[in-house]
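Overview (structure and organization)
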Amino acid sequence: MTLPLIVDDRGTLQVAAADVSKLLRTVGGRWLRLVETGEPRLDEHTVAELTIELAKLADRIDVACIAHSSGAP
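As the structure is a computational prediction, the values presented were derived from the model and not from experiment. (Residues numbered from 1 in each chain as written. Predicted model: local features only at pLDDT ≥ 70, side-chain atom pairs only at ≥ 80, totals over all residues. Heavy atoms only, no water.)

A few points about the side chain of threonine 51
- Looking at the secondary structure, you find threonine 51 in helix 2 (residues 44–70).
- Of the polar contacts made by the side chain of threonine 51, one reaches the backbone oxygen of valine 47; its length is 2.8 Å.
- With sequence-adjacent residues up to four places away left out, threonine 51 is seen in contact with Gly28, Trp31 and Leu32. (Helix = DSSP H or I, 4+ residues; strand = E, 2+ residues; numbered from the N terminus. Polar contact = N/O pair within 3.5 Å; in protein donor to acceptor, adjacent residues only side chain to side chain. Contact = heavy atoms within 4.5 Å.)

Written out as structure tokens, the structure is:
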């Protein structure tokens, strides 16, 4: 089951919630790898905090999808 996250004005699905969740986790992971390889323009603490927030948002999207698919209010 896919929970529509972004739809156009006709109700057509543009981006699935699962894709957004995956993207958020991927972005955070890539930032962390850049820090690990010594990218000098990235602050390690800031990247860690942003990655945590992206993961939290992805978790909320996933929980909403589970609730929606299980019929929970």
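Considerations on the environment of aspartate 59
- Following the sequence through the fold, aspartate 59 ends up in helix 2.
- Along the sequence, aspartate 59 and leucine 24 sit 35 residues apart, while their C-alpha atoms lie 9.8 Å from each other.

Structural notes on the confidence of the model for the chain
- Scored by pLDDT, the chain has a mean of 86; 86% of the residues are at 70 or more.
- For the chain, per-element mean pLDDT is lowest for strand 1 (residues 4–7), which scores 64, and highest for helix 1 (residues 17–36), which scores 94. (pLDDT = per-residue confidence, 0-100.)

A word on the pattern of salt bridges
- As enumerated under the stated definition, the model contains 4 salt bridges in all.
- Among the salt bridges present, the one from arginine 41 reaches glutamate 39, with a minimum N-O distance of 2.8 Å.
- For glutamate 53, the salt bridge goes to lysine 56, with nearest N and O atoms at 3.3 Å. Of this pair, glutamate 53 and lysine 56 both sit in helix 2, separated by 3 residues, roughly a single helical turn.
- The class for glutamate 53 is partly exposed, based on a relative accessible area of 41%. (Salt bridge = Lys/Arg side-chain N within 4 Å of Asp/Glu carboxyl O. Buried < 20%, exposed > 50% of the residue type's maximum accessible area, 1.4 Å probe, protein only.)

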